[in-house]
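What follows is the residue order along each chain.
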Amino acid sequence: MYPLQRILVCLDLSPIDQTLMEYTAHLSKVLPEAKVYFIHVSKKLEIPEEIKKMFPNITGPADEALEKGINDEASKYFANKCDTPYEAVVKDGNETEQILKWSQVKEIDLIVMGLKKSLKGAGTNAAKITAICHASVLFVPENASFKLDRVMVPVDFSKNSAMAVDQAMALKKLGNVEVLLQNVYKVPVGYHYTGKEYVDFAIIMKHNAEKQMKTFLSAYQINGEDVTQVFNLDEDDKPADVIFTEAKVQSADMIILGSKGRTMVAALLMGSVAVELLRANKEIPYMIVKDKKANMGFMQAFKNL
């Protein structure tokens, strides 16, 4: 797995920006050689009244003034608390296009976006950007405070799951993080034709999931003693809800999910579980891991058509 060294944080000049700055500053401490870029994109560049009140001495062109305001605010969390280098980028135009462009220009490994529940502000077109971007994406809820003692990785025993586990294990190595591997299993339709009751077949499916987990760990050379295994029955065909509920039960500090897809095209897109989890979860930081090298190769090929 590639290291998370170049981080792009998306700001919308609302109160959630402070949360994103503080969270990223703490995260960067456990990511060696990290560099952070803050980006704000506006359809029409102008200095909001709130920023003028916060920084009454700001003068000059709007982009330069906003960059100074962002850098000044970021210094509260970076300059005095960690030595991670950072800089602000302010652009006008289409937000999605600019974020995607700068994620490629700066060869970004991780895009950080806010998850709003009650705060006002336009926010970022998170689903669209995540579906197209080549980098991994981390969603940070508006009330998040940094803590990284335990991460949970939903696995379906695919290569994409292994990619997410690899990222979790990298965090474990860097920050002594506990890693939980969760598998959500369900009873298949038509189980009653076997003559067994639902509860009995659920037990069979759990045993099968446990065997698959053992094979998965062996195939990707993951030491079972280095992870905690959790199995959950999905009775309502809502795996995202099961994942979110278990993450809360386990007091997980982050959920890490591998990007769905077996081809380069599919790898750029989020699977249905990832989308539903994005909608359901406004409380726990949530990372979608992508194969950056494969996705960048696809994006370059697409641009050359």
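Residues numbered from 1 in each chain as written. Predicted model: local features only at pLDDT ≥ 70, side-chain atom pairs only at ≥ 80, totals over all residues. Heavy atoms only, no water.

Visitor: Any chance you could explain helix 3 (residues 62-74) here in plain terms?
Guide: Over its 13 residues, helix 3 runs 18 Å from end to end, which matches the ideal 18 Å to within 8%, given 1.5 Å per residue. Looking only at helix 3, the buried set comprises Ala62, Ala65, Leu66, Gly69, Ile70, Glu73 and Ala74. (Helix = DSSP H or I, 4+ residues; strand = E, 2+ residues; numbered from the N terminus. Expected span 1.5 Å × (residues − 1). Buried < 20%, exposed > 50% of the residue type's maximum accessible area, 1.4 Å probe, protein only.)

Visitor: Help me understand the environment of Trp102, please; the structure alone is not making it clear to me.
Guide: Here Trp102 shows up in helix 4 (residues 95-105). Residue classification places Trp102 among the buried residues on the basis of a relative accessible area of 15%. Separated by 13 residues in the primary sequence, Trp102 and Val89 place their C-alpha atoms 9.0 Å from one another. Sequence-distant contacts of Trp102, defined by excluding residues within four places in its chain, comprise Ile39, Val89, Lys91 and Ile108. (Contact = heavy atoms within 4.5 Å.)

Visitor: Teacher, can you tell me more about the side chain of Gln98 here?
Guide: Along the chain, Gln98 falls in helix 4. Gln98 gets classed as buried once you look at its relative accessible area, which sits at 15%. When residues no more than four places from it in sequence are discounted, the contact partners of Gln98 are Ile39, Val41, Lys91 and Asp92.

Visitor: Sorry, what's going on with the nonpolar core here?
Guide: One recurring pattern in soluble globular proteins is that nonpolar side chains are buried together. In this structure, Phe38, Leu138, Val153, Leu181, Phe216, Met254 and Ile256 are the most contacted members of the largest nonpolar core, which totals 59 residues. In this structure, Ile39, Leu115, Ala135 and Phe139 belong to the second largest nonpolar core, which totals 35 residues. (Core = buried A, V, L, I, M, F, W, Y, C linked by side-chain atoms within 4.5 Å.)

Visitor: Any chance you could explain the side chain of Lys116 here in plain terms?
Guide: Tracing the sequence through the fold places Lys116 in the loop between strand 4 (110-115) and helix 5 (126-132). Within the structure, the side chain of Lys116 is placed 2.6 Å from the side chain of Asp12, a separation counted as a polar contact. A polar side-chain atom of Lys116 sits 3.1 Å from a polar atom in the side chain of Ser14. (Polar contact = N/O pair within 3.5 Å; in protein donor to acceptor, adjacent residues only side chain to side chain.)

Visitor: Just to check I follow, could you spell out the packing of aromatic side chains for this structure?
Guide: The geometry of an aromatic ring pair is captured by two quantities: the separation of the ring centres and the angle between the planes. Overall, the coordinates contain 7 aromatic pairs when judged by the stated rule. With centroids separated by 5.7 Å and ring planes inclined at 35°, the aromatic side chains of Phe139 and Tyr286 adopt a geometry described as tilted. Taken together, the residues Phe139 in strand 5 (residues 136-141) and Tyr286 in strand 10 (residues 286-289) connect sequence positions 147 residues apart. Under the relative-accessibility criterion, Phe139 is labelled buried at 0%. Each member of the aromatic cluster is reached from another via a ring pair, and the members are Phe38, Phe78 and Tyr86. (Phe/Tyr/Trp six-rings, centres within 6.5 Å; stacked < 30°, edge-to-face > 60°.)

Visitor: Sorry if this is basic, but what is going on with the environment of Cys82 here?
Guide: With respect to the secondary-structure elements, Cys82 resides in the loop between helix 3 and strand 3 (86-92). Residues Cys82 and Lys29 lie 53 residues apart in sequence; the distance between their C-alpha atoms is 6.8 Å. Each residue touching Cys82, except ones within four places of it in the same chain, is listed here: Ala25, Ser28, Lys29 and Tyr77.

Visitor: Just to check I follow, could you spell out the sheet that holds strand 1 (residues 6-11) for this structure?
Guide: In a beta sheet, neighbouring strands pair by backbone hydrogen bonds and run either parallel or antiparallel. Judged by pairing direction, the sheet is mixed, and its 10 strands sit side by side in the order 3-2-1-4-5-10-9-6-7-8 without closing on themselves. Either end of the sheet is taken by a strand with one partner, and the two such strands are strand 3 and strand 8 (227-233). Sheet twist, expressed as the average angle between the axes of neighbouring strands with direction ignored, equals 25°. Two strands pair when backbone bridges link them, and strand 5 and strand 10 are joined in this way by 3 bridges, in the antiparallel orientation. Across the sheet, Phe139 pairs through a bridge with Tyr286, a residue of strand 10. Its contacts with the sheet put helix 3 on strand 1, strand 2 (35-42) and strand 3, and the angle it makes with strand 3 is roughly 145°. (Pairing = 2+ DSSP bridges. Axes fitted to C-alpha atoms, helices over the stretch in contact; angles between N-to-C directions.)

Visitor: What is the right way to read the packing of helix 8 (residues 239-249) against helix 10 (residues 272-280) from this model?
Guide: Each packed pair of helices is defined by two parameters, the angle between the axes and the distance between the axes. Here helix 8 crosses helix 10 at 50°, and the two axes come no closer than 8 Å. When the axes of helix 8 and helix 10 are compared, the pair comes out oblique. Here helix 8 and helix 10 pass one another in a crossing that is right-handed. Contacts from Pro239, Ala240, Asp241, Ile243 and Phe244 of helix 8 reach helix 10 at Val273, Glu276, Leu277 and Ala280. (Parallel < 35°, antiparallel > 145°, perpendicular 65-115°, else oblique. Left-handed = near helix turned anticlockwise from the far one by under 90°.)

Visitor: For this particular structure, what's the right way to read helix 7 (residues 198-219)?
Guide: Think of an α-helix as 3.6 residues a turn; residues three or four steps apart then line up on the same face. Helix length check: helix 7 (22 residues) gives 31 Å between terminal C-alpha atoms against 32 Å at 1.5 Å per residue, within 8%. Along helix 7, the positions that sit buried rather than exposed are Phe201, Ala202, Met205, Ala209, Met213, Phe216 and Leu217. On an axial view of helix 7, the arc spanned by its buried residues comes to 150°, and they lie on one face. Every exposed residue of helix 7 that faces more than 90 degrees away from the buried side is listed here: Lys211, Lys214, Thr215 and Ser218. A positive phi of about 55° marks Gln221, the residue just after helix 7. (Arc of directions from axis to C-beta.)

Scope: geometric values only; no functional claims are made or implied.
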